[in-house]
Amino acid sequence: MLSIVVPCFNEQESLPYFVKEVEKVASIITHSVEYVFVNDGSQDDTLQSLRQLYKNMPDRVRYVSFSKNFGKESALYAGLHASRGDLVTVMDADLQDPPDLLPQMIERIETSDIDCVGTRRQDREGEPVVRSFFARLFYKLVNKFGDTEMIDGARDFRLMTRQMVDAILSMTEYNRFSKGIFSWVGFNTEYISYENRERVAGTTSWSFWSLFKYSIDGIVNFSDAPLTLAALLGGLSCIAAVIALIFIVIRALLFGDPTTGWPSLASIVLFMGGLQLLFLGVIGKYIGKIFLETKKRPIYIVKETEKDIKKER
Ligand code: UDP
Ligand code: MG
């Protein structure tokens, strides 16, 4: 069986198109198909649509509806948790992940030792230039300094074996960053590329600011490189200070001590103060993550599933 996990946040308009397209593909593959929709606290009628979908196809549709918006990462976890298939795929509801790639992905995973077939966009066409620039910078930084490789342009859309899904489910951390998690669990992953597509309907839930915060999370959740950088810079400036001190003492002994040079002194004090505050912030970021992690809060809270409809009958 193939499970299709679909996180949905305000996707009422996209859902009909999504199901229509996936049904076309489902009819040509030999696997039976199970949909696992996760309603991530949508404010529109996504939940009603999901109830209706379940009533139309009770053998194939399941859903999990959250008590509020927990974010896509939590929705993915819940969907993977609920899935039962031997093969599991994760797809966005907006058809930016083309379902027509599925047969090819299934074929690839079944005829080789690959555990996961991922997808990546060929280009960033149609994306604001500034956003592309920062996205590229992010991938360069994490791949250079982090220990977990993240592929530029890789989407969350992927087909995985049950074994890999179970590995992902065993990572119960609260601060979830899927791109890192998929890569951290290992297994053989192969990527196929396709041309970027626009959403069929609705709007993206990402603003520039939210993407920026997301990228900081990506770095902090999967690497302690910023902490190493702080220690390194601290060490370097210590050495520089000692050298400067020796230089000044010797100069004062040889030439006396005229009180010039205060502007450079002020700049140095400001620079060091700023550096200390910056890295205090970096350390604070990690402490914040530790704080949330030690609370051991659940990753998501379920309010309703298709079983509730079953009971009503
Ligand atoms: N999504 C979600 N919870 C959120 C935000 C998004 O479940 O808080 C879902 C959304 O419904 C969609 C997928 O995650 O299926 C990707 O979201 P979106 O299309 O907004 O992101 P983009 O494709 O622009 O990266
Ligand atoms: Mg999208």
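The preceding data block contains the structure.
Residues numbered from 1 in each chain as written. Chains lettered and ligands numbered in written order. Predicted model: local features only at pLDDT ≥ 70, side-chain atom pairs only at ≥ 80, totals over all residues. Heavy atoms only, no water.

Quick notes on the overall build of the chain
Thinking step 1. Counting its regular elements, the chain contains 11 helices and 8 strands.
Thinking step 2. Whereas a compact globule of 313 residues would reach a radius of gyration of roughly 20 Å, the chain reaches 25 Å, over 25% beyond that.
Thinking step 3. Considered along the principal axes of its C-alpha atoms, the chain spans approximately 95 × 40 × 35 Å.
Thinking step 4. When each of the 313 residues of the chain is scored for burial, the buried share is 43%. (Helix = DSSP H or I, 4+ residues; strand = E, 2+ residues; numbered from the N terminus. Rg over C-alpha atoms; globule rule 2.2 N^0.38 Å. Buried < 20%, exposed > 50% of the residue type's maximum accessible area, 1.4 Å probe, protein only.)

Comments concerning helix H1 (residues 14-26)
Thinking step 1. Under the 1.5 Å per step criterion, the end-to-end length of H1 is 18 Å for 13 residues, consistent within 8% with the ideal 18 Å.
Thinking step 2. Buried within H1 are the following residues: Ser14, Leu15, Phe18, Val19, Val22, Val25 and Ala26. The buried residues of H1 all sit within an arc of 125 degrees when viewed along its axis, so they share a single face. Counted as exposed and oriented over 90 degrees from the buried face of H1: Pro16 and Lys20.
Thinking step 3. Elements in contact with the buried residues of H1: strand E1 (2-8), strand E2 (33-39), helix H2 (46-56) and helix H4 (102-110). (Expected span 1.5 Å × (residues − 1). Arc of directions from axis to C-beta. Contact = heavy atoms within 4.5 Å.)

Some thoughts on the coordination of the magnesium ion (ligand 2)
Thinking step 1. Taken together, Asp94 (OD) and Gln96 (OE1) make up the full set of protein donors to the magnesium ion (ligand 2), lying 1.9 Å away. As far as burial versus exposure is concerned, Asp94 and Gln96 are alike and both buried. (Donors = N, O, S within 2.8 Å, 3.2 Å for Na, K, Ca; no water.)

Observations regarding the packing of helix H3 (residues 72-82) against helix H6 (residues 162-169)
Thinking step 1. Running from amino to carboxyl end, H3 crosses H6 at an angle of 130 degrees, the nearest separation of the two axes being 10 Å. As judged from the angle between their axes, H3 and H6 are oblique. Considering only the axes of H3 and H6, their crossing is left-handed. Along its contact with H3, which presents Tyr77, Leu80 and His81, the element H6 presents Val165, Ile168 and Leu169.
Thinking step 2. Along the lines of polarity and charge, the residues of the contact of H3 with H6 split into 5 nonpolar, 1 polar and no charged. (Axes fitted to C-alpha atoms, helices over the stretch in contact; angles between N-to-C directions. Parallel < 35°, antiparallel > 145°, perpendicular 65-115°, else oblique. Left-handed = near helix turned anticlockwise from the far one by under 90°. Nonpolar A, V, L, I, M, F, W, Y, C, P; charged D, E, K, R; others polar.)

Thoughts on the environment of Ser215
Thinking step 1. Following the sequence through the fold, Ser215 ends up in helix H8 (residues 208-222).
Thinking step 2. For Ser215, a relative accessible area of 16% gives the class buried.
Thinking step 3. For the pair Ser215 and Phe138, spaced 77 residues apart in the sequence, the C-alpha separation amounts to 6.7 Å.

Here's the deal with the side chain of Arg62
Thinking step 1. Tracing the chain through its elements places Arg62 in strand E3 (residues 61-66).
Thinking step 2. Here the side chain of Arg62 touches Ala82 through a polar contact of 2.9 Å, landing on its backbone oxygen. (Polar contact = N/O pair within 3.5 Å; in protein donor to acceptor, adjacent residues only side chain to side chain.)

A short note on the side chain of Asp40
Thinking step 1. Relative to the assigned elements, Asp40 resides in the loop between E2 and H2.
Thinking step 2. Buried within the structure, Asp40 lacks any salt-bridge partner; Lys68 is the closest side chain of opposite charge, at an N-O distance of 8.1 Å. (Lys, Arg positive; Asp, Glu negative; His and termini not counted. Salt bridge = Lys/Arg side-chain N within 4 Å of Asp/Glu carboxyl O.)

Some remarks on the site of ligand 1
Thinking step 1. For ligand 1, the set of nearby residues contains 17 residues, the closest of which are Phe9, Glu11, Asp40, Asp94 and Gln96.
Thinking step 2. In the environment of ligand 1, an oxygen atom lies 2.7 Å from a nitrogen or oxygen atom belonging to the backbone of Phe9.
Thinking step 3. For ligand 1, a nitrogen atom lies 2.6 Å from a polar atom in the side chain of Asp40.
Thinking step 4. Computed on the free molecule, ligand 1 has an accessible area of 530 Å², of which 86% lies beneath the protein chains in the complex.
Thinking step 5. Within the shell around ligand 1, the residues separate by chemical class into 5 nonpolar, 5 polar and 7 charged. (Near = heavy atom within 4 Å. Areas by Shrake-Rupley, 256 points an atom, 1.4 Å probe, with all protein chains shown as cover.)

Some details on the pairing of E1
Thinking step 1. Counting buried positions along E1 yields 7 of 7 residues, so the element is predominantly enclosed.
Thinking step 2. Every second residue of E1 is oriented toward a common face, with Leu2, Ile4, Val6 and Cys8 on one face and Ser3, Val5 and Pro7 on the other, all of them buried.
Thinking step 3. Pairing between E1 and E2: 7 bridges, direction parallel. Opposite Val6, over in E2, you have Phe37 as the bridge partner.
Thinking step 4. Each parallel crossover has a hand, and for E1 linked through H1 to E2 it is right-handed. (Pairing = 2+ DSSP bridges. Right-handed = clockwise from strand over helix to strand, strands pointing away.)

Remarks on the pattern of salt bridges
Thinking step 1. Across all of its chains, the model carries 12 salt bridges by this definition.
Thinking step 2. We note a salt bridge from Arg62 to Glu306, for which the minimum N-O separation is 3.6 Å. With Arg62 in strand E3 and Glu306 in helix H11 (residues 306-312), this pair connects stretches of sequence that are 244 residues apart. Of the two residues, Arg62 and Glu306, neither departs from the other in class, the shared state being buried.
Thinking step 3. As a salt-bridge pair, Asp217 and Lys289 come within 2.7 Å of each other at their nearest N and O atoms. Separated by 72 residues along the polypeptide, Asp217 in helix H8 and Lys289 in helix H10 (residues 262-294) bring together distant segments of the chain.

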